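Single-letter residue listing:
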Amino acid sequence: MSTTPAVQPDLPKILDGLNPQQREAVEHVEGPLLIFAGAGSGKTRVLTARIAYLIATRKVWPDRLLAVTFTNKAAREMRARVEAYVGDVARQMWVGTFHHTAVRMLRREAERLGFERSFTIFDDDDTRAALKRVLDALGLDPKRYPVGMIANQISTAKNELKGPDQMPNRSYIDEVVRRCYVEYEAILRRSGGLDFDDLILNVVRLLRDFEDARLYWQDRFRYVLVDEYQDTNHAQYVFVNLLAAGHRNLAVVGDDDQSIYGFRGADVRNILDFQRDYPDARVVHLEQNYRSSQSILDAAYHVIQHNPERAPKRLWTDRKGGEKVFAVQLYNEVEEAEYVADEIERLRRTESRKYREFAVLYRTNAQSRGFEEVFVRRRIPYRLVGGTRFWERREVKDLMAYLRLLANPADTVSFARIVNAPRRGIGQVTVDRLVNHARERDVPVWQALEEAAGAGVPKAALGAIDHFLKQLRTLRQSVGVLRPSELVDLVVEVMQLKPYYTDGTPQGEARLENLLELRGLAEEYDPLEPADSLSEFLADAALTSDVDTYDESEEGVTLITLHMVKGLEFPIVFLVGLEEGVLPHQRALEEDKGLDEERRLCYVGITRARDRLYLTCAFRRHLYGRAAAGMTSRFLLEIPQALISAPREGKAPAPPPRHDYRERFLERTAQAAPVPPPVQRFTEGERVRHSAFGDGVVIKSTLTRTDEELLIKFDKAGLKILSGQLAPLEKLS
DNA sequence: ACCAGGCTTCTTTTT
DNA sequence: GAAGCCTGGT
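Predicted, not measured: the structure shown is a model, and the values here were computed from it.

Peer 1: It is not clear to me how the side chain of histidine 100 should be interpreted in this structure. Could you clarify?
Peer 2: Structurally, histidine 100 is set in helix 5 (residues 98-113). Under the relative-accessibility criterion, histidine 100 is labelled buried at 17%. When residues no more than four places from it in sequence are discounted, the contact partners of histidine 100 are Asn72, Asp540 and Leu543.

Below, the structure is given as structure tokens:
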């Protein structure tokens, strides 16, 4: 064991209640440390206790400590919890996401790396916009070379620390991508912009190419902790390992079973090979789970255990009892949502559960809609995490683009975004001329505006440009003088954004509200130094995700994707859409190792549940707006029957089909996806609408063995006998 | 320059 | 079943 630390008043509090493995991790001081922390194993507790321990025992001064987390929320939480142990000094430590940490470092080191301190962060959208411009300039057909594909390839290259000249050039398409990469970099450079990948890439450059910087930062951070290490990509791996190379006080925490960001370059091998990188590393396994019931853990185990190449382990709990996992197949996604809503209301009644105790977890954002519609109709409060994110809304992006242009007059992408929003008579042709002019003369776009007359822009636009320029000058004078929120007000005022976004519709109102909300967010930066406040605000805005603003105490059922839910937990979880093609997702199945990652995603979902887990799938589902039959997800079938509870109101297995067309229809799907027995959806006398026959009234509803047979009298089309399951009917009421 | 309407295509997941 | 792209008309 390590040396006995000087007794500190708060040490008992820090170490109290830790199990032996946790305690080992907390008390490990010098040298590399690898913590395999299974889902719900008290990881955050251990991390914060360890930091507090280091501080409390005077092993390190807080500002010489760096902790890298995956989300800003995790960072905030960590800081708050450490503060609870050791007090205000906790504020001095560096805690943040990879990107935040990188930005902080780069702001201090910008010059030697060849860019301005006031650099702009390009988000995904900006990157796409820039690449579109590149394709255009190179005369490449965006149909043959999709922006997304090229963006991905460039991102992958950057994550591997490769420049254009280190990219493959074995095919024509390789050459195209290389060419785009070069041009894209040129746009970034001229715009004073760095994309997400650049942030990490440049920190690596800094540490690798500048010895004094390397020595400084290595010494600065005597202890480095990395959370979610399984989700680091190569560039991030190099970054932390370079940083820790001097003192070797690197502690990493992670769980290879929860590696779900392979698609953006994360490499599980980083954690699996840690012991190769540091043969003397202390390795701690946290496998005791403090979250879920045994049956939930068992279900999770049986799924994940199908993955090859995982470090063998199994979570356990000493928690007794708990219900089996529920698995239910519903007819379609509407029934699925209705079922979830029914269960929520039932459990609220019978177990006095609060709305906030429930979460609905899905694979793709598109799946949230069905739940939203049903929840709205049934007055079930919910909060949607992700989806159309705040920062991606048009009006928010517009206003941010104005601010970015003011902070950085070279930002061509922002310029192009707002030059004609609102409409001011500066069209595509003019914009192209201006941007080209800026590129040819290597001047900021802003200056191109001033030289518009000489830039060959259409004469008709000159007046408009002149006016626009005057407006921009007015705004620019206020940068560094006004506070961020005042700047927002000024932009809205000068550019007349309110009338622009108001169109009398509720959406227009929502847009104004978003502008107001943006103002509120900017306000938080008002107390900062006027010189930095704007760029601080802009950087944070670019690096903030939706979970970061998630507040668990808020009332409402949580709707969230499997990716964003990692790190959260709920008493009752509905993992929905367990169908082949959805989870696992079709696209993932086409990729190498895609299935493994989908399985981990499923594992993450299952292990979010504390008391109850529902697994649902639909027999038919609207995908791409078209109804399609889905087979039950293999993940669901991987869970032993013994762990699964039949749905309440027990539904019998499907009897043989009757009609010919139906028989054929079923043949394809019946094996893996038996038709759920019929439910009586309609009552006699009920008004319904048929997509072809129009409105009508249900005369008679008979439950047969396979279907609900309906006799309906349509107002126009007369009497019809229809299938309650197959006919395109909707209820009117 | 701008708009409306019809066409396509497409959707993983996110810092 | 939405968002983007193209076209043709003003």
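Peer 1: Just to check I follow, could you spell out the protein's contact with DNA strand B for this structure?
Peer 2: In the region of DNA strand B, 25 residues are neighbours, and Arg363, Arg423, Gly427, Ser545 and Glu591 sit closest. Looking at DNA strand B alone, sugar and phosphate atoms form 62% of those within 4 Å of the protein. Between DNA strand B and the protein, one listed contact pairs a phosphate oxygen with a side-chain N or O atom of asparagine 420 at 2.7 Å. Separating a phosphate oxygen of DNA strand B from a side-chain N or O atom of arginine 587 is a distance of 3.1 Å. Counting residues per element, the surface near DNA strand B draws most heavily on helix 19 (residues 428-441), which supplies three residues. Of the residues belonging to the surface near DNA strand B, the class tally is six nonpolar, twelve polar and seven charged.

Peer 1: Sorry, what's going on with the packing of helix 5 against helix 9 (residues 196-209) here?
Peer 2: A packed helix pair is summarised by two numbers, namely the angle formed by the two axes and the spacing between the axes. It is at 9 Å that the axes of helix 5 and helix 9 come closest, and there the two elements cross at 55°. Viewed along their axes, helix 5 and helix 9 adopt a mutual orientation that is oblique. The interaxial crossing formed by helix 5 with helix 9 has left-handed handedness. Facing helix 5, whose interface residues are Phe98, His99, Ala102, Val103, Met105, Leu106, Glu109, Arg112 and Leu113, helix 9 presents Phe196, Leu199, Ile200, Asn202, Val203, Arg205, Leu206 and Leu207. For the contact of helix 5 with helix 9, the per-class residue count stands at twelve nonpolar, two polar and three charged.

Peer 1: Where do I start with the sheet that holds strand 20 (residues 708-714) in this structure?
Peer 2: Hydrogen bonds between backbone groups are what pair the strands of a sheet, and the pairing can be parallel or antiparallel. In space, the five strands of this open sheet follow the order 21-20-19-18-22, with antiparallel pairing throughout. Each having just a single partner strand, strand 21 (718-723) and strand 22 (729-731) make up the two edges of the open sheet. Neighbouring strand axes in the sheet, compared pairwise and without regard to direction, differ in orientation by 40° on average.

Peer 1: Would you mind showing me how to read helix 4 (residues 72-86) here?
Peer 2: Think of an α-helix as 3.6 residues a turn; residues three or four steps apart then line up on the same face. The end-to-end C-alpha distance of helix 4 is 21 Å, a good match for the 21 Å that 15 residues give at a rise of 1.5 Å each. Listing the buried residues of helix 4 in full gives Asn72, Lys73, Ala75, Met78, Val82, Tyr85 and Val86. Looking at the buried side of helix 4, the elements it contacts are helix 1 (11-15), helix 3 (43-56), strand 2 (65-69), strand 3 (94-97), helix 5 and helix 25 (530-543).

Peer 1: Looking at this structure, how should I read the packing of helix 17 (residues 394-407) against helix 24 (residues 506-523)?
Peer 2: In the contact formed by helix 17 and helix 24, the axes pass within 9 Å of each other and the chain directions differ by 45°. Viewed along their axes, helix 17 and helix 24 adopt a mutual orientation that is oblique. In this structure, helix 17 crosses over helix 24, and the sense of that crossing is right-handed. On the side of helix 17, the interface is formed by Arg394, Glu395, Val396, Leu399 and Met400, while helix 24 contributes Arg511, Asn514, Leu515 and Leu518. Residues belonging to the contact of helix 17 with helix 24 are distributed by class as follows: five nonpolar, one polar and three charged.

Peer 1: Would you take a moment to explain the sheet that holds strand 12 (residues 557-561) for this structure?
Peer 2: Pairing within the open sheet is parallel, and its seven strands lie in the order 11-12-10-13-14-9-17. A single partner strand is all that each edge strand has here, and the edge strands are strand 11 (382-384) and strand 17 (644-645). With three bridges joining them, strand 11 and strand 12 adopt parallel strand pairing. Within strand 12, the residue paired with arginine 383 across the bridge is threonine 558. Lying over the sheet, helix 14 (residues 294-304) contacts strand 9 (325-330) and strand 14 (609-618), oriented at roughly 50° with respect to strand 14. In the packing of helix 27 (residues 594-606) onto the sheet, contacts are made with strand 10 (358-362), strand 13 (570-575) and strand 14, and the angle to strand 13 comes to roughly 145°.

Peer 1: Quick question: what am I supposed to make of the protein's contact with DNA strand C here?
Peer 2: Arg369, Tyr624 and Gly625 make up every residue found near DNA strand C. Counting only the atoms of DNA strand C within 4 Å of the protein, the fraction contributed by sugar and phosphate is 25%. Between a base oxygen of DNA strand C and a main-chain N or O atom of tyrosine 624, the distance comes to 2.9 Å.

Peer 1: Explain the pattern of salt bridges to me, please; I cannot follow it from the model alone.
Peer 2: As a working rule, side chains carrying opposite charge can pair if their charged atoms are close by. Per the stated rule, a full pass over the model turns up 65 salt bridges. With a shortest N-O distance of 2.7 Å, aspartate 695 and arginine 689 are connected by a salt bridge. Note on arginine 689: relative accessible area 38%, which makes it partly exposed. Among the charged side chains, a salt-bridge network with shared partners connects Arg319, Glu323, Glu351, Arg353, Glu357, Asp611 and Arg612.

The rules we used
- Residues numbered from 1 in each chain as written.
- Chains lettered and ligands numbered in written order.
- Predicted model: local features only at pLDDT ≥ 70, side-chain atom pairs only at ≥ 80, totals over all residues.
- Heavy atoms only, no water.
- Helix = DSSP H or I, 4+ residues; strand = E, 2+ residues; numbered from the N terminus.
- Buried < 20%, exposed > 50% of the residue type's maximum accessible area, 1.4 Å probe, protein only.
- Contact = heavy atoms within 4.5 Å.
- Near = heavy atom within 4 Å.
- Polar contact = N/O pair within 3.5 Å; in protein donor to acceptor, adjacent residues only side chain to side chain.
- Nonpolar A, V, L, I, M, F, W, Y, C, P; charged D, E, K, R; others polar.
- Axes fitted to C-alpha atoms, helices over the stretch in contact; angles between N-to-C directions.
- Parallel < 35°, antiparallel > 145°, perpendicular 65-115°, else oblique.
- Left-handed = near helix turned anticlockwise from the far one by under 90°.
- Pairing = 2+ DSSP bridges.
- Expected span 1.5 Å × (residues − 1).
- Salt bridge = Lys/Arg side-chain N within 4 Å of Asp/Glu carboxyl O.

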